[in-house]
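Understanding the architecture of this molecule
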Amino acid sequence: MVKKITRNWFVPKGSELTEFDKKILSFQNRGEIVPRPNLIKTPEQIEGIRRSGVVNTGVLDLVESKIRPGMSTAEIDRLVYDYTTAHGAVPAPLNYEGFPKSVCTSVNEVVCHGIPSEDEILEEGDIVNVDVSTILDGYYSDASRMFIVGQTSPEKEKLVRVAKECLDVGREAARPWGFVGDIGKAIARHAHKNGFSVVRDLCGHGVGLEFHEDPEVDHYNTHRHGMLLVPGMVFTIEPMINMGTWEVFIDEEDGWTVVTEDELPSAQWEHTFVMTEDGLEVLTH
Ligand code: MF3
Ligand code: CO
């Protein structure tokens with residue numbers, strides 16, 4: 001069997017190697033996985049993704065201001081669609097691989113990819129992930145937040161807080177010329193220290209010119225370096241943290257909704273970041 005070819009960096013024939021090329025090639029020659037050139041965004045592309053991120057953040061701020069007990073998740077979907085289109089943008093989830101709505105709404109034991117519904121009414125004590133992704137002028141951004149509906153239990157409050165901390169420690173662990181694997185290692189340590197588990201079947205991802213690009217960003221300790229992190233790379237970190245087991249299943253009826261195996265609650269936060277010479281910068285503030 002032909003193994004996956006991981007020597008990804010190349011320079012056009014006849015062109016001179018820059019210091020940047022040489023640095024990446026030195027990692028490649030040591031057997032590390034390095035990005036393909038198209039994963040290093042130009043300043044113009046980064047500005048495009050940043051503008052998309054401004055709309056995406058506006059959507060999440062709007063949802064944050066409106067969410068309340070008694071509201072259906074379909075109402076959240078309408079807010080997202082109306083705001084996004086009014087700002088000249090397109091909700092990335094809508095019709096993505098057949099996804100029927102403009103946003104993912106994942107309540108309590110739903111880990112992610114929940115489909116908004118008129119029949120799903122938010123109740124006091126629910127914890128809800130709202131995952132918003134926006135296309136503006138061809139540029140993609142992706143971020144999600146947790147919302148606590150009214151007041152919830154101390155355990156669910158802790159889960160929501162620790163999941164946010166996991167995003168923060170993942171961000172801190174990602175250094176330029178470090179590796180994707182550093183991120184999941186740091187996240188898993190923080191989750192386990194707090195008695196929680198980390199979902200393994202879903203990951204963060206490169207984003208910007210498409211919804212999902214390389215690299216895959218695992219949130220658990222893979223004991224591998226993973227891809228080299230090079231300034232100019234744009235990707236998400238989006239840890240899904242469970243109160244009980246890390247195992248999940250996909251609802252057979254809709255083919256989308258990801259649920260915890262033990263039906264205990266799950267929480268997730270997500271940002272889109274660009275790697276800089278000083279570490280990760282958030283593009284979805
Ligand atoms: N927003 C999700 C992510 O973070 C992807 C959702 S795909 C959809 O990668 F089709 F469900 F929207
Ligand atoms: Co994402």
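See the structure printed just above.
Quick summary incoming for the structure in this document. (Residues numbered from 1 in each chain as written. Chains lettered and ligands numbered in written order. Predicted model: local features only at pLDDT ≥ 70, side-chain atom pairs only at ≥ 80, totals over all residues. Heavy atoms only, no water.)

Concerning the sheet that holds strand S13 (residues 266–268)
- With respect to topology, 3 strands assemble into an open sheet ordered S6-S10-S13, the strand pairing being antiparallel. The sheet is open, and its two edges are formed by strand S6 (197–198) and S13, each paired on a single side.
- Direction of pairing for S6 relative to strand S10 (residues 240–242): antiparallel, over a ladder of 2 bridges. Paired with Val-198 across the strands is Ile-241, a residue of S10. (Pairing = 2+ DSSP bridges. Helix = DSSP H or I, 4+ residues; strand = E, 2+ residues; numbered from the N terminus.)

With respect to the coordination of the cobalt ion (ligand 2)
- Taken together, Asp-142 (OD), His-205 (NE2), Glu-238 (OE) and Glu-270 (OE) make up the protein donors of the cobalt ion (ligand 2), found 2.1 to 2.2 Å from the metal.
- Classification of the site at the cobalt ion (ligand 2) as irregular follows from its 6 donor atoms and the range of 51 to 157° in their angles at the metal.
- Counting gaps between the donor residues of the cobalt ion (ligand 2) yields the pattern D-x62-H-x32-E-x31-E. Remark: Glu-238 occurs in the loop between strand S9 (234–237) and S10 and His-205 occurs in strand S7 (residues 204–206); sequence separation between them is 33 residues. Each of the two residues, His-205 as well as Glu-238, counts as buried. (Donors = N, O, S within 2.8 Å, 3.2 Å for Na, K, Ca; no water. Tetrahedral: all angles 85-135°; square planar, octahedral: opposite > 155°, others 65-115°. Buried < 20%, exposed > 50% of the residue type's maximum accessible area, 1.4 Å probe, protein only.)

Some details on the packing of aromatic side chains
- Going through the model one piece at a time under the given rule, you end up with 7 aromatic pairs.
- Seen from their ring centres, Phe-27 and Phe-179 are 6.1 Å apart, and the 75° between their planes marks the pair as edge-to-face. Note that Phe-27 is positioned in helix H1 (residues 19–29) and Phe-179 in the loop between helix H4 (154–173) and helix H5 (181–193), a separation of 152 residues in sequence. Both residues of the pair, Phe-27 and Phe-179, count as buried.
- For the ring pair Tyr-140 and Phe-211, a centre distance of 6.0 Å and an interplane angle of 20° mean the geometry is stacked. Highlighted residues: Tyr-140 in strand S5 (residues 139–148) and Phe-211 in the loop between S7 and strand S8 (213–217), separated in sequence by 71 residues.
- Judged by its relative accessible area of 10%, Phe-211 falls in the buried class.
- Three or more aromatic residues link up through ring pairs in this structure, and these residues are Trp-9, Phe-20, Phe-27, Trp-177 and Phe-179.
- Against the face of Trp-269 rests Lys-164, its NZ or CZ located 5.9 Å from the ring centre.
- In this structure, Arg-200 is placed above the aromatic ring of Trp-246, and the distance from its NZ or CZ to the ring centre is 5.3 Å. (Phe/Tyr/Trp six-rings, centres within 6.5 Å; stacked < 30°, edge-to-face > 60°. Lys NZ or Arg CZ within 6 Å of the ring centre and 35° of its normal.)

Digging into the side chain of Ser-197
- Within the secondary structure layout, Ser-197 lies in strand S6.
- Judged by relative accessible area, Ser-197 falls into the buried class, the value being 10%.
- At a separation of 2.7 Å, a polar atom in the side chain of Ser-197 contacts the main-chain carbonyl oxygen of Gly-244. (Polar contact = N/O pair within 3.5 Å; in protein donor to acceptor, adjacent residues only side chain to side chain.)

Focus: the site of ligand 1
- Around ligand 1, 14 residues are found, and the nearest of them are Pro-93, Asp-131, His-205, His-212 and Glu-238.
- Here His-212 contributes a side-chain N or O atom positioned 2.9 Å from an oxygen atom of ligand 1.
- Burial of ligand 1 by the protein amounts to 97% of the accessible area it has alone, namely 330 Å².
- Spatially, ligand 1 is embedded in the second largest pocket.
- Its residues placed into classes, the shell around ligand 1 shows 6 nonpolar, 4 polar and 4 charged. (Near = heavy atom within 4 Å. Areas by Shrake-Rupley, 256 points an atom, 1.4 Å probe, with all protein chains shown as cover. 1 Å grid on protein atoms, 1.4 Å probe; cavity = no way out; pocket = protein on both sides within 12 Å on 5 of 7 lines; lining within 4 Å. Sits in = over half its atoms within 2 Å of the grid points. Nonpolar A, V, L, I, M, F, W, Y, C, P; charged D, E, K, R; others polar.)

With respect to unusual backbone geometry
- At the junction of Asp-214 and Pro-215, the peptide bond is cis and its omega measures out at 0° in the coordinates.
- By the secondary structure assignment, Pro-215 is in strand S8.
- For Asn-95, which is not glycine, the phi torsion reads 70° and is therefore positive.
- The residue Asn-95 is located in the loop between strand S1 (90–91) and strand S2 (104–107) in this model.
- Even without being a glycine, His-113 presents a positive backbone phi close to 60°.
- Mapped onto the fold, His-113 is located in the loop between strand S3 (110–112) and strand S4 (127–136).
- The exposure class assigned to His-113 is partly exposed, which follows from its relative accessible area of 25%.

A few points about the nonpolar core
- Counting residues in each nonpolar core, the largest one holds 41 residues, and the members touching the most others are Ile-183, Leu-229, Phe-235, Ile-237 and Ile-241.
- Take this core: its biggest share by element is 6 residues, from H4.
- Apart from the residues lying within four places of it in its own chain, the contact partners of Ile-183 are Gly-170, Ala-173, Ala-174, Val-217, Leu-229, Phe-235 and Ile-237.
- Residues Val-63, Ile-67, Leu-122 and Val-149 belong to the second largest nonpolar core, which totals 17 residues. (Core = buried A, V, L, I, M, F, W, Y, C linked by side-chain atoms within 4.5 Å. Contact = heavy atoms within 4.5 Å.)

Side note on the environment of Ser-106
- As for its placement among the helices and strands, Ser-106 is situated in strand S2.
- Ser-106 sits in the buried class, given a relative accessible area of 1%.
- Among all residues touching Ser-106, those that are not within four sequence positions of it are Val-111, Cys-112, His-113, Gly-114, Ile-127, Val-128 and Asn-129.
- Within the local environment of Ser-106, its side chain forms a polar contact with the backbone nitrogen of Gly-114, the two atoms lying 3.2 Å apart.

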